[in-house]
Amino acid sequence: PIKGVIFDLDGVLTDTAEYHYRAWQRLADEEGLVFNREANEELRGVSRRDSLLKIIGTKKYSEEKFQEMMDRKNRYYVESIENISPTDLLPGAMDLLKELRSSGIKVALGSASKNARPVVEKLGIGEYIEVIADGFSVQEPKPAPDLFLFAAQELGLEPGECIVVEDAGAGVEAALAAGMRAVGLGPVERVGEATVVLLSLEGVNWQDLQASLNS
Ligand code: B16
Ligand code: MG
C-alpha cells in the first residue's frame, strides 16, 4: 500500500518557474549571455549550479565569478518571491493535500530548491507537510534518487511505499531510480516515463489516483 506522497514544489504545488526564468534572464542580459524562454525549458527541476552551467554553455568562468553569478540570480529570485501567497497554489494542490491528511497518508516535499522552506511558508501549506527535503538535504541533485530516498527515510517509510509527484523529466527519473512510482504532470514528451501521466492536479482525488497507480 502507498503510505507516503512526496511532492516536487516548482511546477507541482506552485509555479515559481516564471520567477526563476526572470531572474536567470536578468543575469544573462547583464552578462551578455544568450538566453530566452525556450532555453529556460531545459532548466525545469534542475539545480541552481547545473542551471547556470547550461546557460553559460562553453564559456569558462572562475569559480569565484560563477559563485557570484549564482548568488546574484538568487537575490533576484528571492526578491521576486517576496509576495507569494496561498493564491499562488496551483489548482487542485490544496484539495489533494487536505485529502491526503484526512486519509492518513504522510506527505513530504522533495524540491531541488534552496528556497523551498520560505515558499512553503508563504503558500500556507506548512501544516500539511511533515518533511521538507530541499536543496540543502543531499549532495547529488535529481536525476539522482538521493533527495527522494532522503525524504522517504525522514518519513520513516520504505521507498516502495512512497510515490512522487513531479513535473520534470529529471524528477521522474529520480523517483523511478529511487524505486518509487511517479505521477508525472505535463506533456508526455516531458514526463512520459512516469507510472501515471496527468495534465495537472486539478480535479485529482486520492482514491482515483491510488487506483490508477495500482492498476
Ligand atoms: P534554487 P523544484 C527547482 O525546484 C526549480 O524547478 C529549478 O528551476 C531551480 O533551479 C531549482 O529548484 C533550484 O532552486 O535556486 O531556489 O535553489 O522543481 O525541484 O521544486
Ligand atoms: Mg519541478
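Residues numbered from 1 in each chain as written. Chains lettered and ligands numbered in written order. Predicted model: local features only at pLDDT ≥ 70, side-chain atom pairs only at ≥ 80, totals over all residues.

Let's talk about the overall build of the chain
Right, on to step 1. Assigned secondary structure in the chain consists of 10 helices and 6 strands.
Right, on to step 2. By the compact-globule yardstick of 17 Å for 215 residues, the chain fits well, its C-alpha radius of gyration being 17 Å.
Right, on to step 3. Counting only C-alpha atoms, the chain reaches 50 × 35 × 30 Å along its principal axes.
Right, on to step 4. Out of the 215 residues belonging to the chain, those deemed buried represent 40%.
Right, on to step 5. A sequence separation of at least 24 residues applies to 59% of the contacts in the chain between residues at least 6 apart. (Helix = DSSP H or I, 4+ residues; strand = E, 2+ residues; numbered from the N terminus. Rg over C-alpha atoms; globule rule 2.2 N^0.38 Å. Buried ≥ 20, exposed ≤ 12 C-beta atoms within 10 Å, placed from the backbone. Contact = placed C-beta atoms within 7 Å.)

Observations concerning the site of ligand 1
Right, on to step 1. Ligand 1 sits among 20 residues. The nearest are Leu9, Asp10, Ser111, Ala112 and Ser113.
Right, on to step 2. Looking at the shell around ligand 1, its residues break down into 5 nonpolar, 10 polar and 5 charged. (Near = placed C-beta within 6 Å. Nonpolar A, V, L, I, M, F, W, Y, C, P; charged D, E, K, R; others polar.)

What to know about the sheet that holds strand E5 (residues 181–185)
Right, on to step 1. Sheet architecture is open: 6 strands sit in the order E3-E2-E1-E4-E5-E6, paired in parallel fashion. Bordering the open sheet on either side are strand E3 (131–133) and strand E6 (196–198), each of which pairs with just one other strand. Strand-to-strand twist across the sheet, computed as the mean angle between neighbouring axes with direction ignored, equals 20°.
Right, on to step 2. Sheet analysis places E5 next to E6, joined by 3 bridges and oriented parallel. Within E6, the position partnered with Gly184 by the bridge is Val197. (Pairing = 2+ DSSP bridges. Axes fitted to C-alpha atoms, helices over the stretch in contact; angles between N-to-C directions.)

Considering the UniProt feature "active site" (unreviewed entry) in the chain
Right, on to step 1. Mapped onto this structure's residue numbering, the UniProt feature "active site" (unreviewed entry) falls at Asp8 and Asp10.
Right, on to step 2. Assignment of secondary structure puts Asp8 in the loop between strand E1 (4–7) and helix H1 (17–31).
Right, on to step 3. With 30 C-beta atoms packed within 10 Å, Asp8 lands in the buried category.
Right, on to step 4. Inspection of the secondary structure assignment puts Asp10 in the loop between E1 and H1. (UniProt positions renumbered as here; feature names shortened; annotations may be inferred.)

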